[in-house]
Amino acid sequence: FGLGDAGKTVFALSHDSRAGENVEEFVIRADSHRKYKSYTFTCHSQTKQGFLALGRTDGAIALYDYIMKDEKASCVIDGMPGPVTSVDVSADGSMLVWTTPNFVFFTCPSEGNWDKGTKDKKPPVLQLTLAGADEARLDQQLRGPDGEFCPWTPVKFDATTAKDADGLTEREIISYAGAVQVRWNVRQARAAWAALGDGDENKTDASPFMDGVATLLEAQVSSHM
């Protein structure tokens with residue numbers, strides 16, 4: 001999958017290197033892409049099944065099962081004002097994390113959120129944050145030369161080959177702001193998200209925020225892999 005035309009076109013391209021052909025030999029035909037007039041997309045991430053999560057300029061995340069068959073998303077998860085600057089999804093599609101310039105978000109979509117044939121309720125959203133004490137202690141390192149807070153770098157699930165007791169292959173969520181690395185434990189994030197219940201603020205006292213572990217680095221980080 002890819003994005004083009006300044007975020008208005010979403011296209012699909014599959015390439016198997018074992019076929020012995022170059023990717024340049026494939027052509028994106030007119031029926032292999034979809035042009036959107038209502039929304040502009042900024043980033044995308046794909047599950048193992050080929051489902052697609054698309055970040056938008058309005059701060060929302062749109063989930064699609066078959067991007068070429070229907071222009072409507074299976075589910076649209078609203079967040080803070082955009083744009084969405086990065087999105088990452090676990091291989092099985094059960095966890096989703098994304099950033100805007102000033103915020104990091106986490107949620108756990110259900111199978112029905114991915115499938116257009118099922119109308120599950122939108123999942124609640126957990127905001128991943130930096131502890132107030134760390135923000136005060138690392139204030140200078142979190143700011144750029146202009147004195148403004150640095151935007152979050154693209155957030156990533158830090159996948160490993162080991163599995164914990166819950167059978168999760170993704171262990172941590174990682175992003176950076178300036179020279180500060182912030183890590184959130186996946187199992188703790190899932191527990192904090194589950195405590196939100198169905199997202200009804202009148203039915204839960206759980207906090208919609210979860211602080212991560214901050215580590216000061218020697219220099220500002222621009223990307224992580």
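Going by the structure above, here's the rest.
Read on for an overview of the structure. Owing to the predicted nature of the structure, the values given are computational and were not obtained by experimental measurement. (Residues numbered from 1 in each chain as written. Predicted model: local features only at pLDDT ≥ 70, side-chain atom pairs only at ≥ 80, totals over all residues. Heavy atoms only, no water.)

## As for the nonpolar core
No. 1: Core analysis: the largest hydrophobic core is formed by 25 residues, its most contacted members being Phe106, Leu126, Leu128, Ile173 and Trp184.
No. 2: At the level of secondary structure, the elements contributing two or more residues to this core comprise β10 (104-107), β11 (126-129), β13 (170-177), β14 (180-185) and α3 (186-194).
No. 3: At four residues, α3 tops the list of elements feeding residues into this core.
No. 4: In terms of nonpolar packing, the next biggest core, distinct from the first, is built from 14 residues, Phe51, Ile61, Leu63 and Trp114 among them. (Core = buried A, V, L, I, M, F, W, Y, C linked by side-chain atoms within 4.5 Å. Buried < 20%, exposed > 50% of the residue type's maximum accessible area, 1.4 Å probe, protein only. Helix = DSSP H or I, 4+ residues; strand = E, 2+ residues; numbered from the N terminus.)

## With respect to the sheet that holds strand β1 (residues 2-4)
No. 1: Read from one edge of the open sheet, three strands run β1-β2-β3, paired in antiparallel fashion. Both edges of this open sheet fall to β1 and β3 (33-35), since each of them pairs with a single strand only. Ignoring which end each strand starts from, the neighbouring axes of this sheet average 20° apart.
No. 2: When β1 meets strand β2 (residues 9-11), the two strands line up antiparallel, connected through three bridges. Note on β2: the bridge partner recorded for Gly2 is Phe11. (Pairing = 2+ DSSP bridges. Axes fitted to C-alpha atoms, helices over the stretch in contact; angles between N-to-C directions.)

## Describing the pattern of salt bridges
No. 1: According to the stated counting rule, one finds seven salt bridges in the structure shown.
No. 2: A salt bridge links Lys35 to Asp5; the shortest N-O distance between them is 2.1 Å. One end of the pair, Lys35, is in strand β3; the other, Asp5, is in the loop between β1 and β2, and 30 residues separate them in sequence.
No. 3: The exposure class of Lys35 is partly exposed, given its relative accessible area of 47%.
No. 4: What makes Asp5 partly exposed here is its relative accessible area of 45%.
No. 5: Where Arg143 meets Asp139, a salt bridge forms, and the shortest distance between an N and an O atom there is 3.0 Å.
No. 6: Residue Arg143 is classed as partly exposed on the basis of its relative accessible area of 29%. (Salt bridge = Lys/Arg side-chain N within 4 Å of Asp/Glu carboxyl O.)

## What to know about unusual backbone geometry
No. 1: Residues Gly82 and Pro83 are joined by a peptide bond in cis, for which omega reads 10°.
No. 2: In this structure, Pro83 sits in the loop between β7 (75-77) and β8 (86-89).
No. 3: Even without glycine at this site, Asp5 takes up a positive phi of about 55°.
No. 4: Even without glycine at this site, Ala6 takes up a positive phi of about 55°.
No. 5: By secondary structure assignment, the location of Ala6 is in the loop between β1 and β2.
No. 6: Judged by relative accessible area, Ala6 falls into the exposed class, the value being 70%.

## Points about the environment of Cys43
No. 1: Residue placement: Cys43 occurs in strand β4 (residues 41-46).
No. 2: Considering only alpha carbons, one finds Cys43 and Arg56, 13 residues apart in sequence, at a separation of 7.4 Å.
No. 3: Sequence-distant contacts of Cys43, defined by excluding residues within four places in its chain, comprise Leu3, Ala53, Leu54, Gly55, Val84, Thr85, Ser86 and Val87. (Contact = heavy atoms within 4.5 Å.)

## With respect to the pairing of strand β9 (residues 96-99)
No. 1: Neither face of β9 is open: one carries Leu96 and Trp98, the other Val97 and Thr99, and all of them are buried.
No. 2: Where β8 meets β9, four bridges bridge the pair, whose relative direction is antiparallel. Opposite Ser86, over in β9, you have Thr99 as the bridge partner.
No. 3: Linking β8 to β9, which pair antiparallel, is a turn of six residues; within it Gly93 sits at a positive phi near 80°.
No. 4: Where β9 meets β10, four bridges bridge the pair, whose relative direction is antiparallel. Looking at β10, one finds that Thr99 is bridged to Val104.
No. 5: The hairpin formed by β9 and β10 contains four residues between the paired strands.

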